[in-house]
Structures are given as structure tokens and as C-alpha cells.
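Breakdown of the fold
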Amino acid sequence: MERDDEVGMLVTSFNRMVRGLRESKASLENAYVEADSKRVLLKSIVDNVDAGVISFDDEGRIQIINDSACRILGLDPALFLENERDSAFLLNQVESDELRSFIRGIDLRDSRPLREQKVFNLGGRKLILRIFITRLSLADGQRVGMLVVFDDLTDIIRAQQALTWQDVARRIAHEIKNPLTPIKLSAERILKKWSSNGEDIGDTIEKASNTIIREVEDLKKLVNEFTRFGRMPELEI
């Protein structure tokens, strides 16, 4: 039976407080389970993408580094199991002065996303990386860290270059083949007139020789153009 005096009011208030605490605890537990579930899902997604993903907090500590990032940069994932690893530790593990200089040159005060495609020499390997860097912020604008995503385009660009050179080789073969036909016909015409001792052999030799000289000059121009193309400096994309 409920009492309506001070003791009864105290008991009622106490019961209400207990129910509130239970509800708050249940709400916190649900929130924790939901947050942990989202964290596990995010980690699963990040671990299964081919792009390298590295996330830093606002003090430069590494929050996330996936296996693809370690593979591209030639790093041992076991080195980053400890929570206190930071950007300075990461830079010390990277075997590329060019990449270290690029990272140190990033203006952390600039809130704009950064997109770059750069060529780096990394541990004796030549890598072409497409890099995306963005600052992480809360809804109120407070900065909480930085996200770095990068793709290794080396094999893709090499395949594109191979296809390009194959196309160039086909075109050159076609351009070389065209003048060979009149050269061959001119030489055959000279031999035919010479063997038959025809009266107009002199005129035939003159015309055929001019044809051969003209086609050889065209071939020479083609070879010179191709030589200059082969000496072109490598493009830095």
C-alpha cells in the first residue's frame, strides 16, 4: 500500500529515480552496442578495399590503417597494432624521401580537400599514387582529425602505356609498309628493262630512281620524327 506522507513521497521518488537509472543504463548499453557494431562494420569495409586508408586524430595519432595502405607503402601491419603510433612513426617507416617531403609539405591549416597524382620512388620501386586528403570535422566545425586515401595506379598506367606503344608500333609498321611497295615495283621495273635491253631503259631508270629516292626520303623523315618522339622527356602528371 502506498503512503501519502513524506516517507511515501520519498519512496516514490526513489523508485522513479531507480527506473530512470535503469532506462539510462539500457540506453547507454544500446548506444555502445550500436557504436561498436558500426565500428566493426567500418573496419570490415576499410580492410576489404584496395585503396590505402589512413585516419589520424587531431593530435596526429593513427586511428585506422588498413592492410592495403601497408601493402602499397611496403610496411608491416604488425607495427601499427599499438595505439600510440602516430604520423611521425609512420614517416620513419616509409622508405621514400619524396613521399616524406610531400607529406611534410601539406598545410594542415587548409581545410580544403587535397587531390594529387604523384610519382614516388619507394624502397627501389617506382610508384604512381593518386592521393586524396581531407580534414575530418564535427557538425559544429571542430576538427577531429584527417583522412588519407590513396590508390596505386602504377600497373594501370603501365598497361595504358603498353597499349599506347602497341598502337604506335602498328601505325609505324603501316607507314613503313606504304613506301616499300613503290620502291619494290620501281626496282622490278628497272631489272625488267635491263634484262630485255629495252630502248627506253634510260627513261625507266630515271623515273624509277626518282620514285625510290622520294620514298626513301619519306622513310627518313618518319624515322627522324620517331627518334625525336623517343627522346621526349617523361611527363609528370
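Worth saying up front: this structure is predicted, and the values here are computed from it rather than measured.

Our next topic: the overall build of the protein. In terms of regular secondary structure, the protein is built from 6 helices and 5 strands. Sequence-ordered secondary structure for the protein, helices as α and strands as β, is α-β-β-α-α-α-β-β-β-α-α. In the protein, 45% of the contacts between residues at least 6 apart in sequence involve partners at least 24 apart. Of the roughly 17,800 Å² that the protein leaves accessible, carbon and sulfur atoms contribute 55%.

With that settled, the discussion passes to the packing of aromatic side chains. Taken as a whole and judged by the stated rule, the model has 2 aromatic pairs. Aromatic pair F80 and F89: ring centres 5.6 Å apart, planes at 80°, arrangement edge-to-face. We classify F80 as buried; its relative accessible area is 10%. Judged by its relative accessible area of 18%, F89 falls in the buried class. Its end group placed over the ring of F89, R85 keeps NZ or CZ at 4.0 Å from the ring centre.

Below, the discussion takes up the pattern of salt bridges. As enumerated under the stated definition, the model contains 6 salt bridges in all. A salt bridge links E59 to R61, with the nearest nitrogen and oxygen atoms 2.5 Å apart. Taking relative accessible area as the criterion, R61 reaches 35% and is therefore assigned partly exposed. Its salt-bridge partner being R100, residue D97 comes within 2.3 Å of it at the nearest N-O pair.

Side chains on a regular strand alternate between the two faces of the sheet. Pairing of strand 3 (residues 114-122) with strand 4 (residues 125-137) involves 9 bridges; the strand directions are antiparallel. Residue pairing across strands places Q117 opposite R130, the latter belonging to strand 4. Hairpin remark: strand 3 followed by strand 4, antiparallel, with 2 residues in the connecting loop; positive phi at G123, about 55°. Strand direction decides the pairing type here: strand 4 and strand 5 (residues 143-152), joined by 9 bridges, are antiparallel. Note that in strand 5 the partner of I131 across the bridge is F150. Taking the residues between adjacent antiparallel strands as the criterion, strand 4 and strand 5 are bridged by 5 residues, where G141 takes a positive phi near 95°.

As for its placement among the helices and strands, L81 is situated in the loop between helix 2 (67-73) and helix 3 (87-93). On the basis of relative accessibility, which here comes to 69%, the residue L81 falls in the exposed class. When the C-alpha atoms of L81 and I64 are compared, they prove to be 9.9 Å apart, with 17 residues separating the residues in sequence.

Before going further, it helps to examine the nonpolar core. Within the largest apolar cluster, 25 residues are counted, with the highest numbers of intra-cluster contacts made by I54, I65, F80, L90, I131, V148 and F150. Counting only elements with at least two residues in this core, the list comes to strand 1 (52-57), strand 2 (62-65), helix 2, helix 3, helix 4 (97-104), strand 3, strand 4 and strand 5. Residues contacting I131, with those up to four places away along its chain left out, are F102, L114, R115, E116, F120, V148, V149 and F150.

If you check helix 5 (residues 154-196), its first and last C-alpha atoms are 63 Å apart, about what 43 residues at 1.5 Å a residue would give, namely 63 Å. Turning to helix 5, its buried residues number three or more, namely T154, I157, V168, I172, P179, I183, S186 and I190. Just beyond helix 5, the residue with positive phi is N197, at close to 50°.

Strand order in this open sheet of 5 strands is 2-1-5-4-3, and the pairing throughout is antiparallel. Only two strands of the sheet have a single neighbouring strand rather than two, namely strand 2 and strand 3. Ignoring which end each strand starts from, the neighbouring axes of this sheet average 20° apart. Pairing between strand 1 and strand 2: 3 bridges, direction antiparallel. Considered in strand 2, the bridge of F56 is made with I62. Together, strand 3, strand 4 and strand 5 form the strand contacts of helix 5, whose direction differs from that of strand 4 by roughly 130°.

This part covers helix 4. Of the positions making up helix 4, those classed as buried are L99, R100 and F102. Buried residues along helix 4 cover an arc of 160° about the axis, so they all sit on one side. Relative to its buried face, helix 4 has exposed residues pointing more than 90 degrees away, namely D97 and R104. Structurally, helix 4 contributes buried residues whose contacts are with helix 2, helix 3, strand 3 and strand 4.

What counts, and at which threshold
- Residue positions are counted from 1 within each chain, in the order its sequence is given.
- It should be noted that, the model being predicted, local features are given only for residues of pLDDT at least 70 and side-chain atom pairs only at 80 or more, the latter also being counted only at that level, while totals for whole chains, interfaces and linings use all residues.
- To get the side-chain values, take all heavy atoms of the structure and skip hydrogens and water.
- For helices the rule is a DSSP run of H or I covering at least 4 residues; for strands it is a run of E covering at least 2, with both sets numbered from the N terminus onward.
- Should any heavy atoms of two residues lie within 4.5 Å, those residues are considered in contact.
- For accessible areas, the Shrake-Rupley method is used with a probe of radius 1.4 Å. Any residue's cover is judged against the shown protein chains and nothing else.
- Ring pairs shown here join Phe, Tyr and Trp side chains whose ring centres sit within 6.5 Å, with only the six-membered ring taken for Trp; geometry is labelled stacked below 30 degrees between planes, edge-to-face above 60, and tilted in between.
- Working definition: with a 1.4 Å probe on protein chains only, accessible area under 20% of the residue-type maximum means buried, over 50% means exposed, and in between means partly exposed.
- Two conditions define a charge sitting above a ring: the NZ of Lys or the CZ of Arg must be within 6 Å of the ring centre, and it must be within 35 degrees of the ring normal.
- Criterion for a salt bridge: a side-chain nitrogen of Lys or Arg within 4 Å of a carboxyl oxygen of Asp or Glu.
- The pairing criterion for strands is at least two bridges between them, as found by DSSP.
- Side-chain atoms within 4.5 Å link the members of a nonpolar core, which is a set of buried Ala, Val, Leu, Ile, Met, Phe, Trp, Tyr and Cys residues.
- To estimate how far a helix should extend, the number of its residues minus one is multiplied by 1.5 Å.
- To obtain each axis, a line is fitted to C-alpha atoms, and for helices this fit is confined to the stretch in contact; angles are then taken between N-to-C directions over 0 to 180 degrees.
- The arc in question is the one spanned by the directions pointing from the helix axis to the C-beta atoms.

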